[in-house]
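# Overview (structure and organization)
The lines below spell out each chain.
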Amino acid sequence: MPIFPWGQYERAIDFHQQSLAIKREIGDRQGEANSLGNLGSAYYSLSQYERAIDFHQQSLAIDREIGDRQGEALSLNNLGATLIDTHHWQDAETVLNQSILAYESLRTKSSQGLCAAARPTARRQ
């Protein structure tokens, strides 16, 4: 979870809400997911866990919708951390396991890309 400078979480929330409004206005779904996740992290820092959970779930839904696997892994991780602090152990375990699987799929995909990049490629003429 990001740490906001000088503990100015309310100010950070204002900025992230402005960012969210702009991202929605211009149709930037990835930016919208990022802003929602940042709002979740800010509310987490204020111990407003239910609000944090709501924002992390919204971020996760968009990440999945647009196929942003890295964003999905991060949203799952942040959601899981928040669920731990609310003593929702079973839900946290499920979500964190999903996060691990998402990160593992990124690692596997990255490794495959490195192997493919190392292979000689014929040029089209």
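Residues numbered from 1 in each chain as written. Predicted model: local features only at pLDDT ≥ 70, side-chain atom pairs only at ≥ 80, totals over all residues. Heavy atoms only, no water.

### Details of helix α2 (residues 29–45)
This is how the line gets drawn: Note on conventions: DSSP H or I runs of at least 4 residues are helices, E runs of at least 2 residues are strands, and numbering of each starts at the N terminus. To estimate the expected span of a helix, subtract one from its residue number and multiply by 1.5 Å. The buried label applies to any residue whose accessible area, calculated with a 1.4 Å probe on protein chains only, is under 20% of its type's maximum; exposed applies above 50%, and partly exposed to all values in between. When checking whether two residues touch, look at their non-hydrogen atoms; a contact exists if any pair is within 4.5 Å.
For α2, which comprises 17 residues, the first-to-last C-alpha distance of 24 Å matches the rise-based estimate of 24 Å (1.5 Å per residue) to within 8%. Of the positions making up α2, those classed as buried are G31, E32, A33, S35, L36, G37, L39, G40, S41, A42 and Y43. Next to the buried residues of α2 lie α1 (9–26), α3 (49–66) and α4 (69–85). Positive backbone phi, approximately 60 degrees, marks S47, located one or two places after α2.

### Regarding the pattern of salt bridges
Heads up, the condition is: Any carboxyl oxygen of Asp or Glu that lies within 4 Å of a side-chain nitrogen of Lys or Arg is treated as forming a salt bridge with it.
Across all of its chains, the model carries 7 salt bridges by this definition. Notably, a salt bridge pairs K23 with D28, separated by 3.9 Å at the nearest N-O pair. The partly exposed category is assigned to K23, whose relative accessible area is 24%. D28 gets classed as partly exposed once you look at its relative accessible area, which sits at 26%. Taking the shortest distance from any N to any O, the salt bridge between R64 and E72 comes out at 3.0 Å. For E72, a relative accessible area of 10% puts it in the buried group. Salt bridges here are not isolated pairs; linked through shared partners, they connect R24, R29, E32 and E65.

Nothing here speaks to function; it is all geometry.
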